[in-house]
Amino acid sequence: MHTQPDQERLNTQANQPTEPIQNKAPFFDLDSSGDSLEDGRVTNLYYQRFRMMDLSFFVFNFIGTGLTVITLELIHYDELPEARLVILWVIFISNLILMGLAVIRNQVKLKWRESKGDVYSGFTKEHVELLMEIIIITASPLPFLDDISFYFTNDFVDGDVYYYANELLCLTLAFRVIFFIRTTLLNSYWHSNRTDRVCSLYASQADYMFTIKSLMRNQPFTVNYSAMILLIFVFGYCLRICESPLNRIDISSNDFSSYANSMWCVIVTSTTLGYGDYYTRTLLGRIVMSVVCILGNFVVSSMIVIITNESYLTTLENKVVILIDRLSLKKQMQQEAAMIITIFGRMHYAKRHLDLSEDEFTDMSKKMKKYAIQLKLTTRKYVAARALGSQLEEINSGFNSLKENLKQTTQLQEELIKANENLIYKIDNK
């Protein structure tokens, strides 16, 4: 039965106007934002949009890169000026589309990051990356610069030598390779929306460096060989461009007009061999080879480290090797013991029937002594291998016991926490 104050309070609550229920945002409303927890399906949908934009960027970047390589060949051999001009206009239009895709890609990426709860304000790292992308895309061969050349002097040849303006702009393709690498990493197993969520749980950042580290851990040889092949092709291409002014005048020595010779020079330099059969004679060529020296040392050193690490046995492989050694030594002991018994039996039989001469008997005695010494050494090796296996088993059992103790300690800690919570609850209810 309600008391008078309780009845008055109930009447007051009943007479209060109810607030209208606001429409909640639908589950797939990608424009809704808030401070709620991350919705995996929403963030994954944003991530798929980001990947699609990156693939579109990849396609137009591939078209522009291929046309730029064709343009370079036409400039190098000074052929088909009309066709070259048409290709330059196509490159110009594709670069405009590529810059638009870069802007849209950056906006979609920011939307994806905002759906995960990240807040962006002002000039961020993403805006810096977008600015660098636009600069790299802009620095491409242009139809307006088709007839412009830059002259300079060189100590190795007489007279002035020159670069075509579009020839120098073709060097930016070395930076465009970064876009291809970025798309490859973005579509790998180690770079996804799920990976980003898992990294956030462990206070890590699922960036491109994390993807490279993961690939180096799981596929070290593939990553290293790919880096070496990329180094040879990209810098061989750049070296051919840098040395082209001298090749137009004199190709009797250091003929870098051949792409094979340029790649050979990069291989020899990156592996620190330095035969000296081909060497650079221009300032740009020397700058390129300086970069090749640094990156080549890094790649070769990484390969040495990878081979060294891969040569080590894992714990389970070490157990297998020890077990196989023990089985091999046991079989060898049986064979040596059988030889000793066989020789002893023949000597005993020959001694009773006088079938052997004194020299033959001495030879058989020496042979039996030899097998006895070998059996003794093999037995020692077997005992040592068995002891090593026992030590590994003891270490593993020690680790297992520590793991069990840690598990018991964790359970005891959870029980203590529950007991404290129950005690606090009882104290609050008194």
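Rules used in this analysis
Residue positions are counted from 1 within each chain, in the order its sequence is given. In keeping with the model being predicted, local features are shown solely for residues with a pLDDT of at least 70 and side-chain atom pairs are shown and tallied solely at 80 or more, while totals for entire chains, interfaces and linings include all residues. No hydrogens and no water enter the side-chain calculation; it runs on all heavy atoms of the structure. By the criteria applied, helices consist of DSSP H or I runs no shorter than four residues and strands consist of E runs no shorter than two, each listed in order from the N terminus. Burial classes: relative accessible area under 20% of the type maximum marks a residue as buried, over 50% as exposed, and values in between as partly exposed (1.4 Å probe, protein chains only). Should any heavy atoms of two residues lie within 4.5 Å, those residues are counted as being in contact. To be clear on the numbers: accessible area is Shrake-Rupley with a 1.4 Å probe, and residue cover counts the displayed protein chains and nothing else. UniProt positions are given in the numbering used here, feature names are shortened, and annotations may be inferred rather than shown by experiment. By definition, no residue in a patch forms a salt bridge, and every one has over 30% relative accessible area; like charges are joined within 9 Å, nonpolar side chains (Val, Leu, Ile, Met, Phe, Trp, Tyr) within 5 Å. Criterion for a salt bridge: a side-chain nitrogen of Lys or Arg within 4 Å of a carboxyl oxygen of Asp or Glu. Note that His is not counted, nor are the chain ends; the positive residues are Lys and Arg, and the negative ones are Asp and Glu. Positions of charges follow a simple convention, taking NZ of Lys, CZ of Arg, CG of Asp or CD of Glu. To define a nonpolar core, start from buried Ala, Val, Leu, Ile, Met, Phe, Trp, Tyr and Cys residues and group those joined through side-chain atoms within 4.5 Å. How far a helix is expected to stretch is found by multiplying one less than its residue total by 1.5 Å.

A. A look at the overall build of the protein chain. When helices and strands are tallied, the protein chain shows 14 helices and 2 strands. For the protein chain, buried positions account for 31% of its 430 residues. Excluding contacts between residues fewer than 6 apart, the proportion of contacts in the protein chain whose partners are at least 24 apart in sequence is 69%. Carbon and sulfur atoms provide 62% of the accessible area of the protein chain, an area that totals close to 29,000 Å².

B. Expanded view of the environment of Tyr 163. Secondary-structure assignment places Tyr 163 in strand β2 (residues 160–164). C-alpha separation for the pair Tyr 163 and Phe 152, spaced 11 residues apart in sequence, amounts to 8.4 Å. In this view, Tyr 163 contacts Ile 148, Ser 149, Phe 150, Phe 152, Leu 168, Ile 241, Cys 242, Ser 244, Pro 245, Arg 248, Thr 282 and Leu 284; residues no more than four positions away in its chain are not counted.

C. Fine view of the UniProt feature "transmembrane region" (unreviewed entry) in the protein chain. Taking the numbering used here, the UniProt-annotated feature "transmembrane region" (unreviewed entry) corresponds to residues 55–77, 83–104, 221–239, 259–276 and 283–307. The span residues 55–77 is 100% helix and 0% strand, and its two end C-alpha atoms sit 34 Å from each other. Summarising residues 83–104: 100% helix, 0% strand, and an end-to-end C-alpha distance of 32 Å.

D. A negative patch on the surface, seen in detail. A contiguous patch of negative charge on the surface is contributed by Glu 358, Asp 359, Glu 360 and Asp 363. Positionally, Glu 358 belongs in helix α14 (residues 358–429). Among the residues examined, Glu 358 registers a relative accessible area of 67% and is labelled exposed.

E. The arrangement of the nonpolar core in detail. Ranked by internal contacts, the top residues of the largest apolar core, which has 22 residues, are Phe 235, Tyr 237, Leu 239, Ile 241, Val 288 and Val 292. Ranked by residue count, the leading element in this core is helix α9 (residues 220–242), at 9 residues. Aside from chain neighbours lying at most four places away, what touches Val 288 is Phe 235, Cys 238, Leu 239 and Cys 242. Leu 98, Leu 101, Val 108 and Leu 130 belong to the second largest nonpolar core, which has 16 residues in total.

F. Representation of helix α12 (residues 283–310) within the structure. The end-to-end C-alpha distance of α12 is 41 Å, a good match for the 40 Å that 28 residues give at a rise of 1.5 Å each. Within α12, burial applies to Gly 285, Val 288, Met 289, Val 292, Gly 296, Val 299, Ser 302, Met 303 and Ile 306. If you follow the buried residues of α12, they end up packed against α8 (208–218), α9 and α11 (259–270).

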